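Structure assessment
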Amino acid sequence: MQCLCNAMFSLLTKPYELHVIDFLIDSQNHFGMMPADFQNWESRVLQILSDDDHTFNQPCKYSMIEIMPNPTVVTDFRRAFSIAGQIGSVYSNCNFFC
């Protein structure tokens, strides 16, 4: 466990912390978004949602899936990165939501 913690802390940099803080602050601007706000993303979103993620509960995951028009949803990380590699050119102009 100590080895894992050391590895995580070595990757945690000040710029990354600031990026995450900015992301969280900006997220408040998007609370009222509706499915219509994502019309231009039809079939262009790949959602990688872990089956054992305890941060986002199942209702939250369903909400993320439902708000996007026809997203590709993958829950197996090994399969997700394989799919992303195979269709990388299709998703090259897309955002990835994890």
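Residues numbered from 1 in each chain as written. Predicted model: local features only at pLDDT ≥ 70, side-chain atom pairs only at ≥ 80, totals over all residues. Heavy atoms only, no water.

Here we look at the overall build of the chain
- A tally of helices and strands in the chain yields 4 helices and 3 strands.
- N-terminal to C-terminal, the α/β element order of the chain is α-α-β-α-β-α-β.
- Burial analysis of the chain (98 residues in total) assigns 17% to the buried set.
- With an accessible surface of roughly 7,700 Å², the chain has 60% of that area assigned to carbon and sulfur atoms. (Helix = DSSP H or I, 4+ residues; strand = E, 2+ residues; numbered from the N terminus. Buried < 20%, exposed > 50% of the residue type's maximum accessible area, 1.4 Å probe, protein only. Areas by Shrake-Rupley, 256 points an atom, 1.4 Å probe, with all protein chains shown as cover.)

Some details on a nonpolar patch on the surface
- Together, Phe9, Leu12 and Tyr16 make up a nonpolar patch on the protein surface, roughly 340 Å² of accessible area in all.
- Here Phe9 lies in helix α1 (residues 2-11). (Patch = residues over 30% accessible without salt bridge, like charges linked within 9 Å, V, L, I, M, F, W, Y side chains within 5 Å. Salt bridge = Lys/Arg side-chain N within 4 Å of Asp/Glu carboxyl O.)

Considering unusual backbone geometry
- Phi angles above zero are rare outside glycine, and Ser43 is one such case at about 60°.
- Mapped onto the elements, Ser43 comes out in the loop between α2 (14-27) and β1 (46-48).
- Taking the relative accessible area as the measure of exposure, Ser43 reaches 33% and is therefore partly exposed.
- One non-glycine residue, Asn70, lies in positive phi territory at about 60°.
- Mapped onto the fold, Asn70 is located in the loop between α3 (58-67) and β2 (72-74).

What to know about the environment of Val73
- Position of Val73 relative to the elements: it lies in strand β2.
- Residue classification places Val73 among the partly exposed residues on the basis of a relative accessible area of 32%.
- Sequence separation of Val73 and Ile48 is 25 residues, and the distance between their C-alpha atoms is 6.1 Å.
- Contacts of Val73, omitting those with residues within four sequence positions, involve Gln47, Leu49 and Ile65. (Contact = heavy atoms within 4.5 Å.)

Notes on the confidence of the model for the chain
- Chain-level statistics for the chain give a pLDDT mean of 77 and a share of 77% at 70 or above.
- Ranking the elements of the chain by mean pLDDT puts strand β3 (residues 96-97) last with 46 and α3 first with 89.
- Residue range residues 89-98 is modelled with pLDDT below 50. Its contacts to residues more than four positions away, or to other chains, number 21 contacts. (pLDDT = per-residue confidence, 0-100.)

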